[in-house]
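Each chain, letter by letter, is given below.
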Amino acid sequence: MDRGRIASLNPILVIGLIMNTMVGVNLLGLAHSASKLGYNLWWSPILLGSIVSLTLIPMMALCRRYPEDNLFRIHEKLLGKWLGRCFNVLIILYAILSVSTANEGYVRLVQTSMLNNQTVTLPLIGLTLVMVYITNGGIKLIARFCLLTFFFTGWMVFLLQYGFQKGGITHIFPLINTDWRSIAETIHNSSASMLGYELVLFFYPYIQEKNKAHKHVLIGVWSVVLLYVLILITSVSYFSEWQMDNLIYPVLNLFKAVELSFLERIENLGIGLWVFLILSTSTGYLWVARTGLEEMAGKMKLWHLLLPTIISFLFIVGPLSVEKQRYIYDKVSVYMAYGLILWPIFLLLIHSLRFGRGERVS
């Protein structure tokens, strides 16, 4: 472990970290969340990728002005100790909610597909223990785990060929027969599937080649966009519009198109391997929550990791109903993400007023 070591992320680790923190449980329902566009939904990731690329510009501009600081420290430098810490608490809360969103979505999926008569407590305990172990190793171990995840799950892209063979590729035509309202609703409903790239605001100080960091993050983002487009083109080819609108996890149903002589229910294998992608996402956000607590306390302690973990765990198994949890995950967490993504624009304005345009602060 090299926890706390600065500049330990090489370009490959940066690209892998961005890719795998973005691809979480939301990919499984992407065709459903984008179903407002009907057969046109396959190009919605390109729109989302363009928006992500635009919002990344102020993020990277802010990071370049504070190359040795994460967003927690930037807040205290620009807004003062007390006001800055108030915003830091909100970010920690957002990170904990993001951990809960990823873990809850996965354990509910496991419960629905494999453990119909069981509670989510036992699989959640197992998932949480692995998550804590990886996160305790620091951001470099998380990035290495993301690379490992890529090799464990990347091969599943080749299974898309079965969906192509059984579907009708002509469904992707005509390209434009929708209205702006449907496009706006689709972008909002699908936005959660692109979240994760905002973590660069926190691990930027650990990047080795900071002058090329923007390009490496974009490579990660557009690799995810390419993956999404391939999956949605397959979905459009394989499913009817009604199926995409009513199936909650269309990607899992795509697995049913796969015919292998040695494996009958490959969707169960897919669900099992999906845990790597969930851990890639949840460990990234848990690391952010831990880093925020350490910055506020001024020292590193194990409880800085355990406290957000316990809160996230109790949030899922606690007294809140599933409906209330879903409202928080689907509404509150997403709007907090919007705020965090746009927040660097305001901070750049404050920075220009206090230090002048383009000035670096060490």
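Look above for the structure.
Only a predicted model underlies this, so the values are computations on that prediction, with no experimental measurement involved.

Reading guide: rules and limits
- Residues numbered from 1 in each chain as written.
- Predicted model: local features only at pLDDT ≥ 70, side-chain atom pairs only at ≥ 80, totals over all residues.
- Heavy atoms only, no water.
- Helix = DSSP H or I, 4+ residues; strand = E, 2+ residues; numbered from the N terminus.
- Expected span 1.5 Å × (residues − 1).
- Buried < 20%, exposed > 50% of the residue type's maximum accessible area, 1.4 Å probe, protein only.
- Arc of directions from axis to C-beta.
- Contact = heavy atoms within 4.5 Å.
- Axes fitted to C-alpha atoms, helices over the stretch in contact; angles between N-to-C directions.
- Parallel < 35°, antiparallel > 145°, perpendicular 65-115°, else oblique.
- Left-handed = near helix turned anticlockwise from the far one by under 90°.

A.B. asks: Give me the lowdown on helix 15 (residues 303–317), citing residues and values where you can.
C.D. replies: Over its 15 residues, helix 15 extends 20 Å from the first C-alpha to the last, a length consistent with the 21 Å expected when each residue adds 1.5 Å. Those residues of helix 15 that sit buried are His304, Leu305, Pro308, Thr309, Ser312, Phe313, Phe315 and Ile316. When helix 15 is viewed along its axis, its buried side chains cluster within an angular range of 160° and face the same direction. The inward-facing, buried residues of helix 15 contact helix 5 (81–113), helix 6 (121–135), helix 14 (266–297) and helix 16 (322–355).

A.B. asks: Outline the packing of helix 1 (residues 11–22) against helix 11 (residues 213–238), listing residues and values.
C.D. replies: At their nearest, the axes of helix 1 and helix 11 sit 8 Å apart, and the two run at 40° to each other. By the angle between their axes, helix 1 is oblique relative to helix 11. The element helix 1 and its partner helix 11 pack so that their crossing is right-handed. Note on element contacts: helix 11 touches helix 1 through His216, Val217, Ile219, Gly220, Val221, Ser223, Val224 and Tyr228, opposite Pro11, Val14, Ile15, Ile18, Met19 and Met22.

A.B. asks: Go over the side chain of Ser282 with me, naming the residues and quoting the values.
C.D. replies: Considering the arrangement of structural elements, one finds Ser282 in helix 14. Overall, Ser282 belongs to the buried group, its relative accessible area being 0%. For Ser282, the contacting residues outside a window of four places in its chain are Val99, Ala102, Asn103 and Met131.

Geometric values such as these leave the question of function open.
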